[in-house]
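Each chain is listed here by its residues.
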Amino acid sequence: MKTALTIAGSDSCGGAGIQADIKTMTAHGVYAMSAITALTAQNTTGVRGILAVEADFLEKQIAAVAEDIVPDAVKTGMIPSESLILATCGCVKKFALANIVVDPVMVSTSGARLIDESAMGALRDSLLPLALVATPNIPEAEVLADITIASEADMEKAAEIMFRRYGCAVLVKGGHRVNDANDFLFSRGGRTWFYGSHVENPNTHGTGCTLSSAIAANLAKGLPLEQAVEKAKRYVSSCLSAQLNLGTGNGPMNHAFAIEGDY
């Protein structure tokens, strides 16, 4: 059985973070493992608190996994401090971890920065160069490429800038800032648009976590990057199309839409 490791924060309401990652990897038939960077107290209406772990404890978590069940792919999500990012990078190098998918959780969809300058520096200088692919949304891509993105042409430009700057493939997610559901991949294999139809569903909590985890799961199974992205996008669309409606705010998707649960 193929395996994947998520290095990310916990979401107590289960829609994003490691909970979404584990559900996604499991739904793809991949054995999921986790190293938690931070606990959050949150629900569909917002985040009430964040408690980061110590860097040495994150290292112990990753080492415990890598020394026993070597992951075929790794996904990183929210890593809130410079010390935690550097600890992650040290483990990636020490254990020669491969197929690294970096979801650079640094800017909210409203444009608010979620990590400080030192952590952003470590993300740029240390983590992204270790990635096979990064999956920024529009606000994150604007910060990482140092440009304003207002069109699909800007998405292409930003992806190329990041590819040249950080040395990893870049999937810029269009979202509602530029288009409905079209993403652009710049990689050594070329330039590819992935077109998707908009799903009318206000409950989109955890879509970024889910997409990056699905990509990691597909890479773990040996799929080439372009196919891994294409299948991941189809999975997210199906999760949204299931029209799960939980909570009073921006609710989660149904990661288990294809699981019957009758055993």
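Remember, it's a predicted structure, so these values are computed and weren't measured experimentally.

### Digging into the overall build of the protein chain
Then, in step 1: Of regular secondary structure, the protein chain possesses nine helices and ten strands.
Then, in step 2: Since a compact globule built from 263 residues should have a radius of gyration of about 18 Å, the 17 Å found for the protein chain is in line with a globular shape.
Then, in step 3: Classification of the 263 residues of the protein chain by burial places 52% in the buried group.
Then, in step 4: Long-range contacts, defined here as pairs at least 24 residues apart, represent 67% of the contacts in the protein chain between residues at least 6 apart.
Then, in step 5: Entry remark: accessible area of the protein chain is about 11400 Å², with carbon and sulfur atoms responsible for 51%.
Then, in step 6: Averaging the locations of the 20 positively and 27 negatively charged side chains of the protein chain gives two centres separated by 3 Å.

### Comments concerning the environment of Ala20
Then, in step 1: Mapped onto the elements of the fold, Ala20 is located in helix α1 (residues 17-27).
Then, in step 2: Owing to a relative accessible area of 0%, Ala20 belongs among the buried residues under this scheme.
Then, in step 3: Expressed as a C-alpha distance, the spacing of Ala20 and Arg234, which sit 214 residues apart in the sequence, is 16 Å.
Then, in step 4: For Ala20, the residues in contact, after removing those within four places along its chain, are Gly14, Gly15, Cys209, Thr210 and His255.

### Quick look at the packing of helix α2 (residues 55-66) against helix α3 (residues 82-94)
Then, in step 1: α3 packs onto α2 with a crossing angle of 30° between their chain directions and a minimal axis gap of 9 Å. Considering their axes alone, α2 and α3 lie roughly parallel with respect to each other. Viewed along their axes, α2 and α3 form a crossing whose handedness is right-handed. Between α2, through Ala55, Leu58, Glu59 and Ile62, and α3, the contact on the second element is made entirely by Ser83, Leu84, Ala87, Thr88 and Cys91.
Then, in step 2: Across the contact of α2 with α3, the residue classes tally to six nonpolar, two polar and one charged.

### Some points on the pattern of salt bridges
Then, in step 1: The tally for this structure, following the rule as stated, stands at eight salt bridges.
Then, in step 2: Linked through salt bridges whose partners overlap, the residues forming this network are Arg124, Asp146 and Arg165.

### Observations regarding the packing of aromatic side chains
Then, in step 1: Applying the stated criterion across every chain yields a total of four aromatic pairs.
Then, in step 2: Summarising the aromatic geometry, the rings of Phe163 and Phe186 are spaced 4.9 Å apart at their centres and angled 50° between planes, so their arrangement reads as tilted. Here Phe163, found in helix α6 (residues 152-166), pairs with Phe186, found in strand β9 (residues 183-187); they are 23 residues apart in sequence, far enough to count as distant.
Then, in step 3: Taking relative accessible area as the criterion, Phe163 reaches 9% and is therefore assigned buried.
Then, in step 4: Taken together through their ring pairs, the aromatic side chains of Phe184, Trp193 and Tyr195 make up a single cluster.

The rules behind each value
Residues numbered from 1 in each chain as written. Predicted model: local features only at pLDDT ≥ 70, side-chain atom pairs only at ≥ 80, totals over all residues. Heavy atoms only, no water. Helix = DSSP H or I, 4+ residues; strand = E, 2+ residues; numbered from the N terminus. Rg over C-alpha atoms; globule rule 2.2 N^0.38 Å. Buried < 20%, exposed > 50% of the residue type's maximum accessible area, 1.4 Å probe, protein only. Contact = heavy atoms within 4.5 Å. Areas by Shrake-Rupley, 256 points an atom, 1.4 Å probe, with all protein chains shown as cover. Lys, Arg positive; Asp, Glu negative; His and termini not counted. Charge placed at Lys NZ, Arg CZ, Asp CG, Glu CD. Axes fitted to C-alpha atoms, helices over the stretch in contact; angles between N-to-C directions. Parallel < 35°, antiparallel > 145°, perpendicular 65-115°, else oblique. Left-handed = near helix turned anticlockwise from the far one by under 90°. Nonpolar A, V, L, I, M, F, W, Y, C, P; charged D, E, K, R; others polar. Salt bridge = Lys/Arg side-chain N within 4 Å of Asp/Glu carboxyl O. Phe/Tyr/Trp six-rings, centres within 6.5 Å; stacked < 30°, edge-to-face > 60°.

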